[in-house]
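# Report on the structure
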Amino acid sequence: MSFHSGAEWSDGVPDNTPFLRRRVREEADAAASAHSLAATLIHVALATAYAERCCDAGDRAWIAANRLW
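### Considerations on the overall build of the chain
Counting its secondary structure elements, the chain contains two helices and zero strands. Looking at the chain as a whole, 17% of its 69 residues are labelled buried. Across the chain, contacts joining residues at least 24 apart in sequence account for 65% of those joining residues at least 6 apart.

### Re the pattern of salt bridges
In total, this model carries three salt bridges according to the counting rule given. Among the salt bridges present, the one from R22 reaches E26, with a minimum N-O distance of 3.6 Å. Of this pair, R22 and E26 both sit in helix α1 (residues 17-33), four residues apart, which is roughly one turn of that helix. For E27, the salt bridge is made with R23, and the minimal N-O distance between the two is 2.7 Å. Here E27 pairs with R23, and both are found in helix α1, just four residues apart, close to one helical turn. Judged by its relative accessible area of 6%, E27 is buried. What emerges from the salt-bridge pattern is a single network uniting R22, R23, E26 and E27.

### Here's the deal with the state of the cysteines
All chains considered together, the criterion is met by zero disulfides. Free of any disulfide, C55 has its nearest neighbouring cysteine sulfur in C54, separated by 6.0 Å. Overall, C55 belongs to the exposed group, its relative accessible area being 52%.

### Comments concerning the packing of aromatic side chains
Aromatic ring pairs are defined here through the distance separating the ring centres and the angle between the ring planes. For the coordinates displayed, the defined rule picks out one aromatic pair. With a centroid separation of 6.4 Å and an interplanar angle of 90 degrees, the aromatic rings of F19 and Y50 are classed as edge-to-face. Taken together, the positions of F19 in helix α1 and Y50 in helix α2 (residues 37-66) put the pair 31 residues apart, joining distant regions of the chain. Note on Y50: relative accessible area 22%, which makes it partly exposed.

### Quick notes on the confidence of the model for the chain
Taken as a whole, the chain shows an average pLDDT of 76; of its residues, 67% reach a score of 70 or greater. The low-confidence segment residues 1-6, where pLDDT is below 50, has four contacts with residues more than four positions distant or belonging to other chains. Below pLDDT 50 for its whole length, residues 8-13 participates in nine contacts with residues either more than four positions away or in separate chains.

Scoring rules and cut-offs
Residues numbered from 1 in each chain as written. Predicted model: local features only at pLDDT ≥ 70, side-chain atom pairs only at ≥ 80, totals over all residues. Heavy atoms only, no water. Helix = DSSP H or I, 4+ residues; strand = E, 2+ residues; numbered from the N terminus. Buried < 20%, exposed > 50% of the residue type's maximum accessible area, 1.4 Å probe, protein only. Contact = heavy atoms within 4.5 Å. Salt bridge = Lys/Arg side-chain N within 4 Å of Asp/Glu carboxyl O. Disulfide = S-S within 2.5 Å. Phe/Tyr/Trp six-rings, centres within 6.5 Å; stacked < 30°, edge-to-face > 60°. pLDDT = per-residue confidence, 0-100.

Shown next, in the form of structure tokens:
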């Protein structure tokens, strides 16, 4: 049972990797241009969360492409 929240993964290669990569860049840019420490920390946390989801999506895509069963 998966404890991940958010979009469901489909069989095969997930198609939300480009979205996740774009969101990482957008949140990193927002963190760099934030006008307060609180806003910077929020954007850094969001960028980190999107990056983790992006890495997870890449791992799932590789597993789906290389599985033997």
